[in-house]
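# Summary of structural features
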Amino acid sequence: LRYARTYNILAAHGPKSFAGHWELYSEAADGAYAVYIPGNTPAVIRTPVIITDETWHHVAMAIGSTDIVLSVDGTEVGRVPNTRKPLGDAGKWGLTIGALQERSLGCSGILDEIRVSAGQRRPTAPAAGPVEVDAKTIRLWRLDQEADGWTPDETAPTEKARGLVTHTAREDLGYPTVRRRMEPA
């Protein structure tokens, strides 16, 4: 990520008005990695790790039945109890990458891979190469493999319904600004 002077949204689930909303982002002002999960106590989980230093970082959030764990580059950097009640319609909204669904905030930087997994993964050091699909992988998008405004899901590369569709791009920035949305099945 490039800039710490504004929020950078890495991924968000549903609009902010949705009870099941969550978002991974960097804090404005200092660029610290954080997560916002309304309905949880605390709702904001802020880490001390700065991710707006123009270097690649592997960031993760694992939501378990008892706790929420944040990691950066394979190191656990935050853990809080999961106090949010289960939501029956959590799949109602899609996943937005590089922006809030409302498009009020975006991301100044480059996002490379997005993986959604079943169950909690333990923080591990970043892979030397591309992340591979394994038994826990539900979805995996390699954003550098976009073609014609579509990024395939590596778990089912020929199924367009599972891919990410580009909504907007900022060609004037000289680097990709990713604003993609995965619609629920």
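Data block above holds the structure.
The following paragraphs examine the structure supplied in this document. These figures come from a predicted structure and were not determined experimentally. (Residues numbered from 1 in each chain as written. Predicted model: local features only at pLDDT ≥ 70, side-chain atom pairs only at ≥ 80, totals over all residues. Heavy atoms only, no water.)

## Let's talk about the environment of Leu24
Here is the rule we go by: By the criteria applied, helices consist of DSSP H or I runs no shorter than four residues and strands consist of E runs no shorter than two, each listed in order from the N terminus. Note on exposure labels: buried denotes an accessible area under 20% of the residue type's maximum, exposed denotes more than 50%, and partly exposed covers the range between, all computed with a 1.4 Å probe on protein chains only.
Within the secondary structure, Leu24 sits in strand β2 (residues 22-26). Residue Leu24 is classed as buried on the basis of its relative accessible area, which comes to 10%. Between the C-alpha atom of Leu24 and that of Val35, which follows or precedes it by 11 residues, the distance is 4.6 Å.

## Remarks on the packing of aromatic side chains
Formally: Centres within 6.5 Å are what make two rings of Phe, Tyr or Trp a pair, Trp counting through its six-membered ring; a difference in plane orientation under 30 degrees is then read as stacked, over 60 as edge-to-face, and the rest as tilted. Charge-over-ring contacts are defined here by two conditions on Lys NZ or Arg CZ: a distance within 6 Å of the ring centre and an angle within 35 degrees of the ring normal.
In total, this model carries 1 aromatic pair according to the counting rule given. Between Tyr7 and Tyr25, the ring centres sit 5.8 Å apart and the planes meet at 65°, which makes this aromatic pair edge-to-face. Of this pair, Tyr7 sits in the segment before β1 (8-13) while Tyr25 is found in strand β2, placing the two residues 18 residues apart along the sequence. The class for Tyr25 is buried, based on a relative accessible area of 5%. For Arg5, the ring lying beneath its charged end belongs to Tyr3, and the centroid distance is 4.4 Å.

## Some points on the pattern of salt bridges
A side chain with one charge can pair with a side chain of the opposite charge if their charged atoms come near. Definition in use: When a carboxyl oxygen of Asp or Glu is within 4 Å of a side-chain nitrogen of Lys or Arg, the pair counts as a salt bridge.
Scanning the model with the defined rule gives 9 salt bridges in all. Note that Asp134 and Arg121 form a salt bridge whose closest N and O atoms lie 2.7 Å from each other. A residue pair is termed long-range when its members are at least 10 positions apart, and Asp134 in the loop between β9 (113-117) and β10 (137-142) and Arg121 in the loop between β9 and β10 qualify at 13 residues. A relative accessible area of 35% means that Asp134 is categorised as partly exposed. Take Arg121: its relative accessible area is 24%, and that puts it in the partly exposed class.

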